[in-house]
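Here are the chains, one letter per residue:
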Amino acid sequence: QEKIKEEEIKNLSQQLLPEEIKNLHQLDGGKNNKVYLVTTNHKKYVTKAYYSHPRDPRNRLQTEFSALHFLWDRHIRSIPQPIAQNPEKNIAIYSYIEGEKILSKDITEQDIDTAILFLANINSLQINPLQKPSNQFQNASDACLCFQDYINIINRRLKHLQETKNDSHLENAMHSFIQNQYLPYLNEIIPQLQQQLIPIGSTKDTQIKKKILSPCDFGFHNALRTIDTTDPSPNYSSITFLDFEYFGWDDPAKTISDFIIHPGMQLTEPLRKRFAKNILLHFNNPELNQRIHFIFPLVGLIWCLIILNEFVPQHQI
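Predicted, not measured: the structure shown is a model, and the values here were computed from it. Every chain is numbered on its own, with residues counted from 1 as its sequence reads. Only residues with pLDDT of 70 or above have their local features reported here, since the model is predicted, and side-chain atom pairs are shown and tallied only from 80 upward, although totals for entire chains, interfaces and linings are computed over all residues. Here the side-chain values reflect all heavy atoms present in the structure, with hydrogen atoms and water set aside.

J.: Mind showing me how you'd approach the overall build of the chain here?
T.: A helix here means a DSSP run of H or I that spans at least four residues, while a strand means a run of E at least two residues long, and both kinds are numbered starting from the N terminus. On a plain count of helices and strands, the chain comes out with eight helices and 10 strands. In the chain, which comprises 317 residues, the share counted as buried stands at 47%. Contact criterion: two residues are considered in contact whenever any of their non-hydrogen atoms come within 4.5 Å of each other. For the chain, contacts bridging at least 24 residues in sequence account for 71% of all contacts bridging at least 6. Carbon together with sulfur atoms contributes 49% to the accessible area of the chain, which is approximately 17,200 Å² in total. Here the term buried applies to any residue with accessible area under 20% of the maximum for its type, exposed to any over 50%, and partly exposed to those in between, with areas from a 1.4 Å probe on protein chains only. Only the protein chains shown count as covering a residue, and every accessible area follows the Shrake-Rupley method with a 1.4 Å probe.

Laid out in structure tokens, this is it:
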């Protein structure tokens with residue numbers, strides 16, 4: 001993708017906003033995307049220039065903007081408000097959230113309950129047949145709707161790692177870990193997990209019965225705690241959740257496991273248990289309670305490979 005210059009970002013943002021832009025500067029934190037704070041006389045906005053690659057067919061802008069638009073229209077306010085977009089230039093403008101990052105050590109039981117409520121709220125929307133969210137969204141990025149989907153993700157990521165060079169001490173250590181620890185465990189546990197499918201009348205290719213709308217990459221690592229607000233609405237939340245580029249339909253067992261395992265949060269064991277217990281009570285699905293026990297190790301295996309992404313050239317991921 002050709003890098004878009006800051007002056008062009010300002011000009012494009014100006015075309016999308018009714019007020020004159022007084023200042024624009026790039027914010028820290030974007031890995032692939034470029035994020036800018038846009039200041040006018042009366043308000044602040046965020047302009048997001050989305051990363052794209054010819055080998056990656058995902059339309060991150062369309063996914064995120066349409067997800068936020070859908071949720072905002074249905075009175076969910078613990079998200080940025082989508083303002084405007086320019087799909088041709090791959091940029092979008094959102095409301096600016098005045099807040100601070102949430103450190104792992106500062107996560108509370110109330111924060112966990114807020115995350116549960118958010119997941120519950122976005123999935124209560126599918127109950128109303130008039131809204132038909134199923135027609136608006138595709139599967140989430142790397143969605144797993146059967147056991148084999150998890151295996152396919154593991155195999156794809158493994159292949160990328162095994163094809164990387166082995167010239168340095170760190171690269172040698174990575175390849176040694178994959179060969180001597182990861183693969184033996186993988187080859188041992190997969191048949192065991194497949195056996196656990198049999199008692200619940202499932203096979204590796206059986207699609208799950210109840211999928212959910214998942215933000216993906218969901219957690220406090222992608223959230224801000226608001227510092228000051230004058231919003232009196234009952235839908236106001238002191239935590240604003242960010243990053244909906246991978247939003248879509250997914251396995252609730254994967255969403256739950258991702259939240260618990262995610263290395264960006266490092267939740268304490270009591271907080272993990274609180275999330276798991278209460279979100280399972282909300283979904284009230286005995287099949288989900290059973291399945292999460294054999295999905296959890298697979299999600300852990302996937303996260304091991306995600307952490308090793310630094311060894312894989314960006315264009316191969």
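J.: Which parts of the structure should I look at to understand the environment of Leu61?
T.: By the element assignment, Leu61 lies in helix α2 (residues 60–73). Among all residues touching Leu61, those that are not within four sequence positions of it are Tyr50, Ser66, Gln85, Asn86, Asn90, Ile91 and Ala92.

J.: How do you make sense of empty space enclosed by the protein when you look at a structure like this?
T.: Empty space among the atoms can be located by rolling a probe the size of a water molecule over them. Detection works on a 1 Å grid of protein atoms alone, calling trapped sets that fit a 1.4 Å probe cavities and calling open sets with protein on both sides within 12 Å along at least five of seven lines pockets, with lining residues defined by an atom within 4 Å of a point. Grid points are joined across faces, edges and corners, and a volume is the space filled by probe spheres set on the points. Here the structure, examined in full by the defined rule, presents three cavities of 30 Å³ or more. The calculated volume of the largest cavity comes to roughly 40 Å³. Ser214, Cys216, Asp217, Phe218, Asp250, Lys254, Thr255 and Asp258 together form the lining of the largest cavity. Sorting elements by how many residues they give to the lining of the largest cavity places helix α6 (residues 252–261) first, with three residues. When its residues are assigned to classes, the lining of the largest cavity shows two nonpolar, two polar and four charged. Polar here means any residue outside two lists: the nonpolar Ala, Val, Leu, Ile, Met, Phe, Trp, Tyr, Cys and Pro, and the charged Asp, Glu, Lys and Arg; Gly therefore counts as polar.

J.: Looking at this structure, how should I read the sheet that holds strand β1 (residues 21–26)?
T.: Strand pairing within a sheet occurs via backbone hydrogen bonds; the two strands may be parallel or antiparallel. Note on pairing: two strands pair once DSSP finds at least 2 bridges between them. Strand order across the open sheet formed by five strands is β1-β2-β3-β5-β4, with antiparallel pairing between neighbours. Strands with a single pairing partner mark the edges of an open sheet, and in this sheet they are β1 and β4 (82–86). In this sheet, adjacent strand axes meet at a mean angle of 20° when their direction is disregarded. In the sheet, strand β2 (residues 34–40) pairs with strand β3 (residues 44–49) via six bridges, with the strands oriented antiparallel. Pairing of Val35 across the sheet is with Lys48, part of β3. Against the sheet, α2 makes contact with β3, β4 and β5 (91–95), and its axis sits at roughly 150° relative to β4, the strand it touches most. Orientation is described by lines fitted to C-alpha atoms, with helices fitted over the stretch in contact, and by angles between N-to-C directions that extend from 0 to 180 degrees.

In short, geometric facts, not functional conclusions.
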